[in-house]
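Residues per chain are reported as follows:
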Amino acid sequence: MFSPLLVSRAQRSPDGGLEARGDDSGDASGAGSGAGGSAGGASGTSRDPATNKYSCNRCGRSYLHQATLVRHQRYECGISASYPCQLCGRKFKRRDVLKGHVEKCVNKSQVAAAAAAQQQQQQQQQQQQQAAAAAAAAAAAAAAAGVVPFPMGSP
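Residues numbered from 1 in each chain as written. Predicted model: local features only at pLDDT ≥ 70, side-chain atom pairs only at ≥ 80, totals over all residues. Heavy atoms only, no water.

(A) Expanded view of helix α2 (residues 66–75). Of all the residues in α2, the buried ones are Q66, L69, V70, H72 and Q73. Down the axis of α2, the buried set is contained in an arc of 160°. They therefore lie on one face. (Buried < 20%, exposed > 50% of the residue type's maximum accessible area, 1.4 Å probe, protein only. Helix = DSSP H or I, 4+ residues; strand = E, 2+ residues; numbered from the N terminus. Arc of directions from axis to C-beta.)

Laid out in structure tokens, this is it:
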């Protein structure tokens, strides 16, 4: 037997309105057994005997648990993504998914910032080493040519 709440709940239609869920069997009360002994076939909550999963009638995605399918139909299927990530701009259909993404995105940006800072520090060290090597080479060339540099301010 199934919960009458699942059959009587409203579902979003493609135009954004609400439509009542029902059973394919024509039983308006929803008290029939439905396809495969599960709740209503029209609502997309019947379990596929071959895969043992619940499939969405609109998009074809399948889920192991009926509650996950119901969540998909209510908050994801046919809904535009309206929760953007402030860090990368990617959009999500559910806030809880955005929240999990932001945690990962922040970690990635922190790692990327640390790597960029380390790379910049290494480049500065290389430039300093190259400048020191060039100065040493110039001093050696001047010494070989017999030019002696005078300190500043000397006559």
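(B) Focus on the nonpolar core. Listed in full, the five residues of the largest apolar core are Y54, C56, Y63, L69 and C77. Setting aside residues up to four positions removed in sequence, Y63 forms contacts with K53, Y54, T68, L69, H72 and E76. (Core = buried A, V, L, I, M, F, W, Y, C linked by side-chain atoms within 4.5 Å. Contact = heavy atoms within 4.5 Å.)

(C) Structural context of helix α3 (residues 95–145). Spanning 51 residues, α3 covers 73 Å between terminal C-alpha atoms, matching the ideal 75 Å at 1.5 Å per step. Inspection of α3 places L98, H101 and C105 among the buried residues, and these make up the whole buried set. Two residues or fewer after α3 comes G146, characterised by a positive phi angle close to 85°. (Expected span 1.5 Å × (residues − 1).)

(D) Here's a closer look at the pattern of salt bridges. Evaluation of the coordinates by the stated rule reveals two salt bridges. A salt bridge links E76 to R94; the nearest nitrogen and oxygen atoms lie 2.3 Å apart. Taken together, the positions of E76 in the loop between α2 and β6 (83–84) and R94 in the loop between β7 (91–92) and α3 put the pair 18 residues apart, joining distant regions of the chain. With relative accessibility at 15%, the residue E76 sits in the buried group. (Salt bridge = Lys/Arg side-chain N within 4 Å of Asp/Glu carboxyl O.)

(E) Up close: the sheet that holds strand β4 (residues 53–55). With antiparallel pairing, three strands are arranged side by side in an open sheet as β3-β4-β5. The sheet is open, and its two borders are formed by β3 (47–48) and β5 (62–63), each paired with just one other strand. Of the pairings in the sheet, the one linking β3 to β4 comprises two bridges and is antiparallel in character. Following the sheet pairing, R47 is matched in β4 by Y54. (Pairing = 2+ DSSP bridges.)

(F) Molecular detail of the environment of K93. Following the sequence through the fold, K93 ends up in the loop between β7 and α3. The spacing of K93 and S80 is 13 residues in sequence and 6.4 Å in space, taken between C-alpha atoms. Contact partners of K93, with chain neighbours within four places excluded, come to Y75, E76, I79, S80, A81 and Y83. Looking at K93, its side chain comes within polar contact range of the main-chain oxygen of E76, at 3.1 Å. (Polar contact = N/O pair within 3.5 Å; in protein donor to acceptor, adjacent residues only side chain to side chain.)

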